[in-house]
Amino acid sequence: MDDTPVRVRFAPSPTGYLHIGGARTAIYNWAYAKNQGGSFILRIEDTDRQRSLPEHTAQILRSLRWLGLDWDEGPDVGGAFGPYLQSQQRLVYDQALTKLRQNDSVYPCFCTSAELKAKREAALAARTYTGYDRTCRFVDADEAARRIAAGEAHTWRIKLPLDRDAVAFDDLVFGHIKVGLEQLDDFILVRADGSPTYNFAVSVDDSHMRISHVIRGDDHLSNTPKQILVFEALESKVPAFAHLSMILGNDGKRLSKRHGATSLEFYRDTGVLPEALLNYLALLGWSLDGQTTLFDAECLKSAFSLQRVSKNPAIFDTEKLLWVNQAYLKRLSPQAFLDVWQPYLLEAGLLRGKTSVAQALALHNNAEESAVCPASKPIQEAVQADIEANREWYLQIPPLVVERVKLLAEVNGICAYLFCGDEVPFDERSIQKCLKPEGTTQLLNAAIDCLDTAEVPWRLEAIEQALRHLPQTLDVKPKLLFQAIRVALCGTMISPPLFESLILVGREFTLNRLRRAAAIAG
RNA sequence: GGCCCGUUCGUCUAGCGGUUUAGGACACCGCCCUCUCAAGGCGGAGGUCACGGGUUCGAAUCCCGUACGGGCUACCA
């Protein structure tokens, strides 16, 4: 064992939002750093100027923070190796190149892209070696210097030590890996425009930032030998490597936009709790003990180990994520639930007693889609004020809905009827089944009589007791009566618990809804 | 084409040569609970451990092939 401090890094390229796969890589790096008492570094690999956008960087940082990750060094928090943006580290790469020129590990290559492409295609057609043929490696040093001085375009290629043994390393996840030197070629380190290529930039940065463990996607497994060669040319200590298998879509193919939801923001907007996503993602390729499914960040930090990371690619299972999310929602106190639900209430502009049939209907149908346009500012303020003024009323809702919902975005739809006034949107099938049958009007009228007396206070126990006796008196099955009341109150035969709903809707609205239903009932 | 990697219930996984009639979770099915739907409780079905050879007294576990899947093979990252 050596005592070099553990320093790991997550290095996304800002060519898009943070996706599921990147998030898991970040989580594992973070968990490993925390577990080892090391540092977690965030570095933005924006060498691809065309595709890299600052807003993507901002979005990635936001997503990581939302997930609950924190880093010791990074573009927004600083550190000894700033600014943690590859595009602004040019000097570091220039210095690295200078060093390599001094110790004779590189040489200029004057071959043009067109020439290289032609050679590669010919080699491919002939089914032979497709690597660079090292033409320029044997150009006389003085001549090379002359051509450079004359301004001839050139790249810099690594000068592989031809007498070296195979490149081998012990991957912390995949185990011993060995690649013969004949499989590698004198790849380009610095482009003709002076910018570093990926394999060079990463190695220089990892070396420069004293990264001790490189934990990343296994699409880089094959790049690792090249990077080791760069580390060696740099005369730098080679870090340990741990590669993570890919996350696949439900068709077994690499996860991409094609599979729909891959961005963290989607899950955030749709109402997945960050703790739940962290938990689920951690489970995708790692296990605590093979038994435990739910664990918090603290547990992850204290138990995470690379030895328990799986080599197999994992398919992202939305169903299980939703189950995990519901488990987390159920653990929330009513107040905590209200806190995370509140943004959805505001956006929908759900106002107690003033919610229209059309609005309730829209919420019902768009349960998961936030496609509905957000409420205006004044309405949102009104909702906010109502929540503050009637906190007790709102706090009664979470227990009624948590176990019926897997995403926060579904909550409004399932309890919109609580916010309606005298009218709720009726579901046709429910009407046919529960209101239309002969004699339903009488049942509803009996319920109205039962509730509309001063002796029955509008409290749960009193109302439940009163209504529970009714079926007996009327000599009908309880279900018949309760379903009729349910449809009258909620508009559908599927809803949160009935008696609690009556309480929340209130005497006035409840009685009016019952009367309206009685009027159309059979 | 070359090289590297992977392969345990539909899915995520436990398993690191005998304690395994292969364990858990999601999904699925049934029963119970019940004012609906959920949630919960209980139970069930589902894996010849990709396939074929070895090694061994003994293999999901070690070795070698084959098949399938993935990655790399760019002046992309």
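Up top is the structure.
Residues numbered from 1 in each chain as written. Chains lettered and ligands numbered in written order. Predicted model: local features only at pLDDT ≥ 70, side-chain atom pairs only at ≥ 80, totals over all residues. Heavy atoms only, no water.

As a further point, take the nonpolar core. If you look at the biggest cluster of nonpolar residues, it comprises 121 residues, and the most contacted ones within it are Leu-300, Trp-341, Phe-419, Leu-444 and Leu-467. At nine residues, the largest contribution of residues to this core is made by helix H1 (residues 20–36). One finds Tyr-93, Leu-100, Leu-160 and Ile-177 within the second-largest nonpolar core, a separate group that totals 35 residues. (Core = buried A, V, L, I, M, F, W, Y, C linked by side-chain atoms within 4.5 Å. Buried < 20%, exposed > 50% of the residue type's maximum accessible area, 1.4 Å probe, protein only. Helix = DSSP H or I, 4+ residues; strand = E, 2+ residues; numbered from the N terminus.)

Turning next to the protein's contact with RNA strand B. Within the structure, RNA strand B sits among 60 residues, and Arg-191, Lys-330, Glu-403, Arg-486 and Ser-495 are positioned closest to it. Across the atoms of RNA strand B situated within 4 Å of the protein, the share located in sugar and phosphate is 71%. Contact between RNA strand B and Ser-222: a base nitrogen at 3.3 Å from a side-chain N or O atom of the residue. At 2.9 Å, a side-chain N or O of Asn-312 approaches a sugar or linking oxygen of RNA strand B. The leading source of residues in the surface near RNA strand B is helix H11 (residues 318–331), at five residues. (Near = heavy atom within 4 Å. Polar contact = N/O pair within 3.5 Å; in protein donor to acceptor, adjacent residues only side chain to side chain.)

Turning our attention to helix H5 (residues 141–149). Backbone nitrogen of Asp-142 and a side-chain oxygen of the N-cap are separated by 3.1 Å at the start of H5; the cap is Asp-140. Positive phi shows up at Gly-151, right after H5, with a value of about 85°.

This paragraph deals with the pattern of salt bridges. A full pass over the atoms with the stated rule returns 27 salt bridges. Arg-43 is paired through a salt bridge with Asp-206; the nearest N and O atoms lie 2.9 Å apart. Of this pair, Arg-43 sits in the loop between strand E2 (39–42) and helix H2 (54–67) while Asp-206 sits in helix H6 (residues 198–208), and the two are 163 residues apart along the sequence. Note on Asp-206: relative accessible area 1%, which makes it buried. (Salt bridge = Lys/Arg side-chain N within 4 Å of Asp/Glu carboxyl O.)

One pass over the structure, following the stated rule, counts twelve aromatic pairs. Taking the centre distance of 5.0 Å and the plane angle of 80° together, the rings of Trp-393 and Tyr-394 count as edge-to-face. Of the two residues, Trp-393 and Tyr-394, both sit in the buried class. Among the aromatic residues, ring-to-ring pairing joins Tyr-28, Trp-286, Phe-295 and Phe-304 into one connected group. When the ring centre of Trp-71 is taken as origin, the NZ or CZ atom of Arg-65, which lies over that ring, is 3.9 Å away. Over the face of the ring belonging to Trp-393 we find Arg-352, whose NZ or CZ atom lies 4.6 Å from the ring centre. (Phe/Tyr/Trp six-rings, centres within 6.5 Å; stacked < 30°, edge-to-face > 60°. Lys NZ or Arg CZ within 6 Å of the ring centre and 35° of its normal.)

Take the pairing of strand E5 (residues 167–171) next. Here E5 shows one buried face, formed by Val-167, Phe-169 and Asp-171, and one open face, formed by Ala-168 and Asp-170. When E5 meets strand E6 (residues 175–179), the two strands line up antiparallel, connected through five bridges. If you follow Asp-171 over to E6, its bridge partner there is Gly-175. (Pairing = 2+ DSSP bridges.)

Strand order in the open sheet formed by three strands is E3-E4-E7, and the pairing between neighbours is antiparallel. A single partner strand is all that each edge strand has here, and the edge strands are strand E3 (106–109) and strand E7 (188–190). This sheet shows a mean twist of 45° between the axes of neighbouring strands, independent of strand direction. Sheet topology note: the E3/strand E4 (residues 155–158) ladder contains four bridges and is antiparallel. Bridging from a neighbouring strand, Cys-109 pairs with Thr-155 of E4. On top of the sheet, helix H3 (residues 90–102) reaches E3, E4 and E7; it is set at about 105° to E3, its chief contact. (Axes fitted to C-alpha atoms, helices over the stretch in contact; angles between N-to-C directions. Contact = heavy atoms within 4.5 Å.)

We now examine unusual backbone geometry. Phi at Asp-104 is positive, roughly 60°, even though this residue is not glycine. On the secondary structure map, Asp-104 appears in the loop between H3 and E3. Taking relative accessible area as the criterion, Asp-104 reaches 47% and is therefore assigned partly exposed. Its identity is not glycine, yet Asp-475 carries a phi of approximately 60°, on the positive side. By the element assignment, Asp-475 lies in the loop between helix H20 (460–474) and helix H21 (478–490). For Asp-475, a relative accessible area of 67% translates into the label exposed.

Moving on, we get to the side chain of Asn-412. Topologically, Asn-412 is positioned in helix H17 (residues 411–415). In this structure Asn-412 comes out as buried when scored by relative accessible area, which is 5%. If we skip the residues at most four places from it in the chain, Asn-412 touches Trp-341, Tyr-344, Leu-345, Ala-348, Leu-350 and Leu-363.

Relative to the elements of secondary structure, Ser-430 occurs in helix H18 (residues 428–435). Those residues in contact with Ser-430 that lie beyond four places of it in its chain are Leu-435, Val-487, Gly-491, Thr-492 and Met-493.

This part covers the state of the cysteines. Enumeration over the complete set of coordinates arrives at zero disulfides. No disulfide involves Cys-450; its nearest neighbouring cysteine sulfur is the one of Cys-490, lying 17 Å away. (Disulfide = S-S within 2.5 Å.)

Here the focus is helix H12 (residues 334–348). With 15 residues, H12 ought to run about 21 Å at 1.5 Å a step, and its terminal C-alpha atoms sit 20 Å apart, in line with that. By the burial criterion, the buried members of H12 are Phe-337, Leu-338, Trp-341, Gln-342, Tyr-344, Leu-345, Leu-346 and Ala-348. Trailing H12 by a residue or two, Gly-349 shows a phi angle of about 65°, which is positive. (Expected span 1.5 Å × (residues − 1).)

The next subject is the pairing of strand E8 (residues 213–217). Counting buried residues in E8 gives five out of five residues, a clear majority hidden from the surface. Where E8 and strand E9 (residues 240–244) come together, five bridges link them in parallel fashion. Its bridge partner being in E9, Gly-217 is matched across the sheet by Leu-244. After leaving E8, the chain enters helix H7 (residues 224–233) and then returns to the sheet as E9, a path that is right-handed. (Right-handed = clockwise from strand over helix to strand, strands pointing away.)

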